[in-house]
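# A look at the structure
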Amino acid sequence: MQAALRIEDLTKHYKKGLREKIVALRGLSLEVHQGEILGLVGPNGAGKSTTIKIIMNLLFPTKGRVEIMGINARSPKAREHLGYLPENPSFYDHLTGEEFLLFTGRLLGMEGNEGREKAWELLRMVRLEDAGRMAIRKYSKGMAQRLGIAQALMGDPRIVVMDEPMSGLDPIGRAEVSQLILSLKKQEKTIFFSSHILHDVEAICDRVGILVEGRLTYLGTPSRIVSTPTWLLKIEGDYRGILREKGLTHATMVGRITQVEIQEDELWEVMDAVRGCNLPIYSLEKRRCSLEEIFAKEVGSETAG
Amino acid sequence: MKPRAEIALAWVTLKEGMRERAFMGIMTFALLLLIASGVIADLSIGNILKVTQDLGLSAVSFTGLLLAFFMGTHLIAKDLDKRSIYMVLSKPMGRGSYIAGKYGGLVALVGLSLAFITLFMLVATFYFYKTSRLYFPPQIAWGKLVLASIFIFLEASLILALSVFFSSFASSPLLALFLTLAVYLVGESTHQVSEILHSPLGQRTSPVLKALAMGAFYIFPDLSLLDLKAAAVHNLPLPPLRLMKTALYAICYILALLILATFIFKKREMK
Ligand SMILES: Nc1ncnc2c1ncn2[C@@H]1O[C@H](COP(=O)(O)OP(=O)(O)O)[C@@H](O)[C@H]1O
Ligand SMILES: [Mg+2]
């Protein structure tokens, strides 16, 4: 099957002053399959927004190319398949949500009635039906984000590209956006989105790409990113002494909490050892690598490029 | 195919422009100017009707210029700066549609404003005409007053096209404004300069300078052609053929600017 999105050897330089340049992307290659959710994760400045803006023809590649359903991104026809949510979307905010969606519909060549129906369908879908007649100026960050998603879906695109759809939202807002993305997948749409938070991505993505300094360091299923998880045991109060007696020498104090990291294969052994001590256990949680750790190491097996 | 996208963008631009503080400021200023010109005309010893028309048309012209200079550069810069332009350019339309829609909205904004102010001016002139204490009130060339306003609108449209053109590549609105202003100032004087060059005085200027000046005459818009204020106030003849040629000249100039702007804008990255 044809790739929904094909990014080929993409390189992007930004001019900085007369001589200097910033290299934002270094030969990035990536294919997004039809119907999948692919999340692009990376720290700030990794080149996520640059990649997405090149897909949307807002920026032009220094080298390489991008194809959308086989059409070069430079052609307006490519955008017939694309919906786009910009990072921190900004609207003509003297309009109401409904008016903005109608405007979007007209930009897409829709008639008044057709547009109005679609607009309200989407407003209901992103739960803005009560705010549809309110000026966008008065929207909260979360509402603006949801309107941005609705706007991206106006033309019923096959591929939805979102730049940091969850940034700046509270946990409930994040969960809502995650749900929305999953419901789009059910409608057989392809979703390509970026995030600087791995947690947002791993729960809903079919595949994850990790972008560091303009290079893809990992491309594959989210479960493979974290090879061997560890456990983090937290105990209320200073129990480093007792733990040392039980052979756990690397316990640390964080505030009033004693923390100790336990390897996956030692978990039960350790728990048995401390059972009799009647420790006021605060929590025991599975600890995955922090994003920094993942970004720092080149994940071996499925590394792309 | 209907230009639905362009019309939608023009409509949104028009509505946005009307809500701008700068727009309200300029319109308030224009009305104050018109009222003040009425008072001045009332006080003046000369022909009150002539003075009313003269000041009135000047107010219309001044408003048209202010709106064209500021709204054009401001609204495009705002779109780029706030990145609301992403919402438009991410749709399957070309950059030319953006230029056309934005320009259409700006022209509508300036056109409606000038129509409103012209109406106000005509009413004021009519009032002074009716209450005039002159034994022989002069004939007022109502048609020519309207015609003069229409040509002021054409001039403002041309300046808007200049500001759109310069905004298509200038990195800051101030630079676009400055360039528009510069071309306007040159455009206002090319006619005089060419007249001087064709006069006996011109015989003595160096040929290089002369060639440069003539080049400028052809590149820069000849804005003095569009100024019918004096002809309207003094009821001078305005041959229709000349008017039509002048209007056609302005429209061609505008189209050329918009086409160039589209070419440049296509190459511009939206950072
Ligand atoms: N308009 C620009 N001009 C110069 N450098 C830029 C510009 N936009 C982004 N960059 C640089 O390119 C790199 C990638 O930026 P970006 O794509 O925005 O990263 P991300 O979205 O992953 O945070 C960064 O180093 C950033 O500083
Ligand atoms: Mg970004």
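One can find the structure itself at the top, above this paragraph.
The residue count restarts for each chain, going from 1 along the sequence in the order it is written. Chain letters start at A and ligand numbers start at 1, both assigned in the order the entries are written. Where totals are concerned, whole chains, interfaces and linings use all residues; where local detail is concerned, this predicted model gives features only for residues with pLDDT of at least 70, and gives and counts side-chain atom pairs only at 80 or more. The side-chain figures draw on all heavy atoms in the structure; neither hydrogens nor water molecules are used.

### Remarks on the overall build of chain B
Rule in force here: Helix and strand definitions follow DSSP, with helices as H or I runs of at least four residues and strands as E runs of at least two, each counted in order from the N terminus. For a compact globule the rule gives 2.2 Å times the number of residues to the power 0.38, and the radius of gyration it is set against comes from C-alpha atoms. With a 1.4 Å probe rolled over the protein chains alone, any residue whose accessible area is under 20% of its type maximum counts as buried; one over 50% counts as exposed, and the rest are partly exposed. Residue contacts are counted whenever heavy atoms from the two residues lie within 4.5 Å of one another.
Counting its regular elements, chain B contains 11 helices and zero strands. Going from the N terminus to the C terminus, chain B shows its helices and strands as α-α-α-α-α-α-α-α-α-α-α. Taken against the 2.2 N^0.38 rule, which gives 18 Å for 271 residues, the C-alpha radius of gyration of chain B at 21 Å falls within 12% of a compact globule. Reported as C-alpha extents along the three principal axes, the dimensions of chain B are approximately 65 × 50 × 35 Å. Out of the 271 residues belonging to chain B, those deemed buried represent 49%. Residue pairs in contact within chain B that sit at least 24 positions apart in sequence constitute 83% of those at least 6 positions apart.

### Concerning the site of ligand 1
The line we're drawing: Here, proximity means that at least one heavy atom of the residue falls within 4 Å of the molecule or strand. Two N or O atoms form a polar contact when they lie within 3.5 Å of each other; inside protein one atom must be a possible hydrogen donor and the other a possible acceptor, and for residues adjacent in sequence the pair counts only when both atoms belong to side chains. With residues, only the protein chains shown are counted as cover, and all accessible areas are computed by Shrake-Rupley using a 1.4 Å probe. Only Asp, Glu, Lys and Arg are considered charged, only Ala, Val, Leu, Ile, Met, Phe, Trp, Tyr, Cys and Pro nonpolar, and every remaining residue, Gly among them, polar.
Close contacts around ligand 1 come from Tyr14, Ile22, Ala24, Pro43, Asn44, Gly45, Ala46, Gly47, Lys48, Ser49 and Thr50 of chain A together with Lys271 of chain B, and that covers them all. Two or more chains meet at ligand 1, and those chains are chains A and B. Tyrosine 14 of chain A is positioned such that a nitrogen or oxygen atom in its side chain is 3.5 Å from a nitrogen atom of ligand 1. For ligand 1, the accessible surface in isolation is 560 Å², of which the surrounding protein chains cover 69%. The set of elements that each furnish at least two residues to the shell around ligand 1 consists of strand 2 (21-32) and helix 1 (48-55) of chain A. The element best represented in the shell around ligand 1 is helix 1 of chain A, accounting for three residues. Here the shell around ligand 1 is composed, by residue class, of five nonpolar, five polar and two charged.

### Some points on the side chain of serine 90 of chain B
As for its placement among the helices and strands, serine 90 of chain B is situated in the loop between helix 4 (85-89) and helix 5 (95-130). At 2.8 Å, the side chain of serine 90 of chain B and the backbone oxygen of tyrosine 86 of chain B are in polar contact. Side-chain polar atoms of serine 90 of chain B contact the side chain of lysine 91 of chain B, separated by 3.3 Å. Apart from the residues lying within four places of it in its own chain, the contact partners of serine 90 of chain B are Met56, Arg79 and Tyr84 of chain A.

### Brief notes about the packing of helix 1 (residues 4-19) of chain B against helix 2 (residues 21-43) of chain B
Residue and element names in this part refer to chain B. Which entries qualify depends on this criterion: In this analysis an axis means a line fitted to C-alpha atoms, helices contributing only their contacting stretch, and an angle means the value between N-to-C directions, from 0 to 180 degrees. Here the angle decides the label: under 35 degrees means roughly parallel, over 145 means roughly antiparallel, 65 to 115 means roughly perpendicular, and every other value means oblique.
Remark: helix 1 packs on helix 2, axes separated minimally by 5 Å, with the N-to-C direction vectors making an angle of 65 degrees. Between helix 1 and helix 2, the crossing angle belongs to the class labelled roughly perpendicular. Along the contact surface, helix 1 presents Gly17, Met18 and Arg19, while helix 2 presents Arg21, Phe23 and Met24. Among the residues forming the contact of helix 1 with helix 2, the class breakdown is three nonpolar, one polar and two charged.

### Observations concerning the pairing of strand 2 of chain A
All names here are of chain A. Spelled out, the test is: Note on pairing: two strands pair once DSSP finds at least 2 bridges between them.
Of the strand pairs in this sheet, strand 1 (residues 5-15) and strand 2 are connected by eight bridges, and their pairing is antiparallel. What sits directly across from lysine 12, in strand 2, is leucine 25. Hairpin geometry of strand 1 and strand 2 is characterised by an intervening segment of five residues between the two adjacent antiparallel strands and by a positive phi of about 70 degrees at glycine 17.

### Here's the deal with the sheet that holds strand 3 (residues 37-41) of chain A
Residue and element names in this part refer to chain A. Taking strand neighbours across the sheet as the criterion, the six strands line up as 6-7-8-3-9-10 in an open arrangement whose pairing is mixed. The sheet terminates laterally at strand 6 (82-85) and strand 10 (215-220), the two strands that pair on one side only. Ignoring which end each strand starts from, the neighbouring axes of this sheet average 15 degrees apart. In this sheet, strand 8 (residues 190-195) lies alongside strand 3 in parallel orientation, the contact comprising five bridges.

### A short note on helix 2 of chain B
For an α-helix, 3.6 residues make a turn, and residues three or four places apart therefore share a direction. All names here are of chain B. Cut-off, in case you're wondering: The span you would expect from a helix comes to 1.5 Å times its residue count less one.
Between its first and last C-alpha atoms helix 2 spans 33 Å; for 23 residues at 1.5 Å apiece the expected length is 33 Å, and the two agree. Of the positions making up helix 2, those classed as buried are Phe23, Ile26, Met27, Ala30, Leu34, Ser37, Gly38 and Ala41. Buried residues in helix 2 make contact with helix 1, helix 3 (48-82) and helix 5.

### Comments concerning the interface of chain A and chain B
Test applied: The term buried area denotes the loss of accessible surface (1.4 Å probe radius) that occurs when two parts are joined, taken as the sum for both partners. We define a salt bridge as a side-chain nitrogen of Lys or Arg found within 4 Å of a carboxyl oxygen belonging to Asp or Glu.
Contact residues are listed per partner, giving 33 residues for chain A and 28 residues for chain B. The largest per-residue losses of area from chain A upon contact with chain B belong to Leu58, Tyr92 and Leu107 of chain A, which jointly make up 25% of the total buried on that side. Linking lysine 15 of chain B and glutamate 99 of chain A is a salt bridge whose minimum nitrogen-to-oxygen distance equals 3.7 Å. At the boundary of chain A and chain B, one finds 14 residue pairs in polar contact (both at pLDDT 80 or more). For the side of chain A that touches chain B, the elements supplying multiple residues, two or more each, are strand 1 and helix 2 (97-107) of chain A. Considering each element in turn, the side of chain A that touches chain B owes the most residues, six residues, to helix 2 of chain A. Considered class by class, the residues forming the side of chain A that touches chain B number 17 nonpolar, six polar and 10 charged.

### Comments concerning the coordination of the magnesium ion (ligand 2)
Residue and element names in this part refer to chain A. We count it as follows: We call an atom a donor if it is N, O or S and sits within 2.8 Å of the metal, or 3.2 Å for Na, K and Ca. Water is not counted, so some sites may look partial.
Within the first shell, the magnesium ion (ligand 2) binds the protein through Ser49 (OG) and Glu87 (OE), at distances of 2.0 to 2.7 Å. Remark: glutamate 87 occurs in the loop between strand 6 and helix 2 and serine 49 occurs in helix 1; sequence separation between them is 38 residues. On the basis of relative accessibility, which here comes to 35%, the residue glutamate 87 falls in the partly exposed class.

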